[in-house]
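Here's the letter readout for the chains.
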Amino acid sequence: MAFNPSLLLGAFLLLLLVSIPITVHCKDHTGKSFDFLHHLEGCHKGQTVKGLHALKRYLQKFGYLNYGHDHHDSSKNRNLKHANNDEFDDLLESAVRAYQSNYHMKVTGILDSDTIQEMMLPRCGVPDVVKATNAMSSRKMKQSKLFNTTPQYSFFPGMPRWPPSKTRLTYSFRSSAKVVGIQVLRSVCSRAFRRWQNVSHFTFQEARRGATGDIVIGFHHGGHGDQYPFDGPGNTLAHAFAPQRGWFHYDADENWSTNPVNMTQVDLESVAVHEIGHILGLGHSYDRNAIMFPSFSPGTIKRNLRADDIEGIRALYS
Ligand code: ZN
Ligand code: CA
Ligand code: ZN
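Residues numbered from 1 in each chain as written. Chains lettered and ligands numbered in written order. Predicted model: local features only at pLDDT ≥ 70, side-chain atom pairs only at ≥ 80, totals over all residues. Heavy atoms only, no water.

Caption draft 1: View of the coordination of the zinc ion (ligand 3). Here the zinc ion (ligand 3) is held by His224 (NE2), Asp226 (OD), His239 (NE2) and His249 (ND1), and the distances to it run 1.9 to 2.0 Å. Metal-centred angles of 98 to 118° between the four donor atoms at the zinc ion (ligand 3) mark the site as tetrahedral. If you list the donors of the zinc ion (ligand 3) from N- to C-terminus, the spacing comes out as H-x1-D-x12-H-x9-H. Of this pair, histidine 224 sits in the loop between β3 (215-220) and β4 (238-240) while histidine 249 sits in strand β5 (residues 247-251); the two residues are 25 residues apart in sequence, bridging distant segments of the chain. In this structure histidine 249 comes out as buried when scored by relative accessible area, which is 9%. (Donors = N, O, S within 2.8 Å, 3.2 Å for Na, K, Ca; no water. Tetrahedral: all angles 85-135°; square planar, octahedral: opposite > 155°, others 65-115°. Helix = DSSP H or I, 4+ residues; strand = E, 2+ residues; numbered from the N terminus. Buried < 20%, exposed > 50% of the residue type's maximum accessible area, 1.4 Å probe, protein only.)

Caption draft 2: Quick look at helix α5 (residues 113-120). Looking at α5, one finds that the buried residues are Thr115, Ile116, Glu118, Met119 and Met120. As for α5, its buried residues are in contact with α2 (52-61) and α4 (90-102). (Contact = heavy atoms within 4.5 Å.)

Caption draft 3: Looking closely at the sheet that holds β4. Taken in spatial order, the five strands make up an open sheet running β2-β1-β3-β5-β4, and their pairing is mixed. Looking at the sheet topology across the chains shown, the edges are occupied by β2 (203-206) and β4. Across the sheet, the mean angle from the axis of one strand to that of its neighbour is 20°, orientation sign disregarded. In this sheet, β5 lies alongside β3 in parallel orientation, the contact comprising five bridges. From the neighbouring strand, phenylalanine 219 faces β5, where its bridge partner is tyrosine 250. Running over the sheet, helix α7 (residues 182-197) touches β1 (168-173), β2, β3 and β5 and is turned about 160° from β1. Sheet strands in contact with helix α8 (residues 268-280) are β1, β2, β3, β4 and β5, and its direction is about 150° off that of β5. (Pairing = 2+ DSSP bridges. Axes fitted to C-alpha atoms, helices over the stretch in contact; angles between N-to-C directions.)

Caption draft 4: Here's a closer look at the nonpolar core. Judged by nonpolar contacts, the single largest core of 44 residues is most densely connected at Trp196, Phe204, Ile217, Tyr250 and Leu280. Residue assignment for this core shows that the elements contributing at least two residues are β1, α7, β3, β4, β5, α8 and α9 (307-316). Beyond its immediate stretch of four places on either side in the chain, tryptophan 196 contacts Phe204, Val273, Ile276, Gly277, Leu280, Leu282, Met292, Leu305, Asp309 and Ile313. Counting residues in each nonpolar core, the second largest holds 29 residues, with Leu40, Tyr64, Phe88 and Met119 among its members. (Core = buried A, V, L, I, M, F, W, Y, C linked by side-chain atoms within 4.5 Å.)

Caption draft 5: Structural view of the pattern of salt bridges. By the definition in use, this model includes 11 salt bridges. A salt bridge links arginine 303 to aspartate 267; the shortest N-O distance between them is 2.8 Å. Within this pair, whereas arginine 303 is found in the loop between α8 and α9, its partner aspartate 267 is found in strand β7 (residues 266-267), the two being separated by 36 residues in sequence. Of the residues examined, aspartate 267 reaches a relative accessible area of 0% and is grouped as buried. Connected through salt bridges with shared partners, the residues Arg191, Arg195, Asp267, Glu269 and Arg303 form a single ionic network. (Salt bridge = Lys/Arg side-chain N within 4 Å of Asp/Glu carboxyl O.)

Caption draft 6: A look at α8. In this model, α8 (13 residues) spans 18 Å end to end at C-alpha, consistent with the 18 Å of a helix rising 1.5 Å per residue. Most of α8 is tucked away, with 13 of its 13 residues classed as buried. (Expected span 1.5 Å × (residues − 1).)

Caption draft 7: Focus on the layout of surface pockets. Looking at the largest pocket, its volume works out to about 1200 Å³. Lining the largest pocket are 36 residues, and of these Gln60, Lys61, Phe62, Pro127 and Tyr228 lie nearest its centre. When contributions to the lining of the largest pocket are tallied by element, the ones reaching two or more residues are α2 and β4. Here the lining of the largest pocket takes five residues from α2, the largest share from any one element. When residues of the lining of the largest pocket are sorted by domain, at least three fall in each of domain 1 (33-120) and domain 2 (134-317). (1 Å grid on protein atoms, 1.4 Å probe; cavity = no way out; pocket = protein on both sides within 12 Å on 5 of 7 lines; lining within 4 Å. Points joined across faces, edges and corners; volume = space filled by probe spheres on them. Domains from an automatic or database assignment.)

Take a look at the structure:
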């Protein structure tokens, strides 16, 4: 048979057509996160650098900058201007310092390489509690004197908790995106709940079929109706709400796995244990080993509650 270029072209087009849907669904799971931060390394107060407004948005999202909800016009405009410009001013410097202090880094106020590396890690979407405003309770003080360590756990502002009578919590599943089968999710979450059940006064049970539990778990893409839109692959992995809201959402755009085998996959159970901590009332911990530490490296498994997590939940409900 003679060589027929149109046949080859046809085959090529067919191949292209077949591969298009695959390309569309195949997300960029490079594990890189918050890439805008990369070129801000070395920035410090007094500079104006393109992209600094994105850092301000990041620090605002995670609790380090607060432009408030002042309806006074001049203050509102000032806040808006600050949030959208690229100026590294006093306010931004103190936010960077608070971040560095929380994460036990050298407090320089400069966007050094360590700070940038830390900020680029994928993380939980729940804002951090800035330590200065999270005064240590007398119990914490006593504990830290006793063990000669400073507890690193935190609570949400106002210490919201489940009421003392509410020790049996039910959970149900409702997703707007299909990522894993319900049986897989059910067994992942059941194991994660058991870890908290073993160290607290709570018991957890799946709600009866069709009923909405105290805790509702699901996968969602992008904006999903709770004012905290997800951000596609990487960056924010999941979030959950303080008591007694009970919402725990996974970002459906991550490469979720029950047993990660490479650096792009994120372990469902590890993240579930962390988010359940929020559901029960724990904020972030700055003990790197703690389950409640805000950032999480894809490809790793971190499912065991640590002393800091256990002390935190017991202090909250004592
Ligand atoms: Zn979190
Ligand atoms: Ca994400
Ligand atoms: Zn959500």
